[in-house]
Amino acid sequence: MTEATGVPTTRVLDPSFTSGPMPLVHVSLVSSALGDIDRTSTVAVDVYAVTPSARGEAGAQALAELLVDAVDDKPLASSEGYVDAVTVTQVGGVRPYFETVEVVPVTLDITYRPRH
């Protein structure tokens, strides 16, 4: 996620995360199913950013689109195993989150073969 968007990624949100630094990507596991040789996991990704106030500033929607372009159905080898496919199943609209922070939810289905 960080490589695709240049945005820091976290699995645990600090209660005061909206005070910065922004933008931030929050990743969480929704579900996972084991197949014969692979595993398919549904992952929720929430992209948080300060609402753009000037032309050319990237808000949460622009960052979510960068993420989608980077991961959509492209194989990937990593130290944890091999990702066979990433399918973007949903990209939500921009929602206000808190004060000047907005969020865009993205849902991914990831099929991978973990190293044993």
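Quick note: structure is the one above.
Rules and cut-offs
- Every chain begins its residue count from 1, and numbering advances along the sequence as written.
- Owing to the predicted nature of the model, reporting of local features is limited to residues with pLDDT of at least 70; listing and counting of side-chain atom pairs is limited to 80 or more, with chain, interface and lining totals taken over all residues.
- Side-chain metrics rest on all non-hydrogen atoms present in the structure, leaving aside hydrogens and water.
- Any two strands between which DSSP finds at least two bridges are classified as paired.
- Secondary structure elements are taken from DSSP: a helix is a run of H or I of four residues or more, a strand is a run of E of two residues or more, and numbering for both begins at the N terminus.
- Polar contacts here mean pairs of N or O atoms no more than 3.5 Å apart (in protein, one a potential hydrogen donor and the other a potential acceptor; neighbouring residues in sequence count only if both atoms are side-chain atoms).
- Any two residues whose heavy atoms approach within 4.5 Å are treated as being in contact.
- Ring pairs shown here join Phe, Tyr and Trp side chains whose ring centres sit within 6.5 Å, with only the six-membered ring taken for Trp; geometry is labelled stacked below 30 degrees between planes, edge-to-face above 60, and tilted in between.
- Accessibility here uses a 1.4 Å probe with only protein chains present; expressed as a share of the type maximum, an area under 20% marks a residue as buried, one over 50% as exposed, and anything in between as partly exposed.

Caption draft 1: Region of the structure containing the pairing of strand E7 (residues 101-114). Pairing between strand E3 (residues 39-50) and E7: 12 bridges, direction antiparallel. Across the sheet, the residue bridging to Arg39 is Tyr112, located in E7. Pairing analysis gives 9 bridges linking strand E5 (residues 81-91) to E7, with the strands arranged antiparallel. Bridge pairing in E7 links Val83 to Tyr112. Note: strand E6 (residues 95-98) against E7, 3 bridges, orientation antiparallel.

Caption draft 2: Local environment of the side chain of Thr111. In this fold, Thr111 is placed in strand E7. A polar side-chain atom of Thr111 sits 3.2 Å from a polar atom in the side chain of Thr40. Setting aside anything within four residues of it in sequence, one finds Thr111 in contact with Asp38, Arg39, Thr40, Tyr82, Val83, Asp84 and Ala85.

Caption draft 3: Molecular detail of the packing of aromatic side chains. Following the criterion strictly, the structure yields 3 aromatic pairs and no others. Between Phe17 and Tyr48, the ring centres sit 4.9 Å apart and the planes meet at 75°, which makes this aromatic pair edge-to-face. With Phe17 in the loop between strand E1 (9-10) and strand E2 (24-34) and Tyr48 in strand E3, this pair connects stretches of sequence that are 31 residues apart. With respect to class, Phe17 is no different from Tyr48; both count as buried. Ring geometry for Phe17 and Tyr97: centres 5.7 Å apart, planes at 45°, overall tilted.

Caption draft 4: Local environment of the environment of Ser32. Inspection of the secondary structure assignment puts Ser32 in strand E2. A C-alpha to C-alpha distance of 6.2 Å links Ser32 and Thr42, two positions 10 residues apart in sequence. In contact with Ser32, not counting residues within four places along its chain, are Arg39, Thr40, Ser41 and Tyr112. There is a polar contact of 3.0 Å between the side chain of Ser32 and the side chain of Arg39. At 2.8 Å, the side chain of Ser32 and the side chain of Ser41 are in polar contact.

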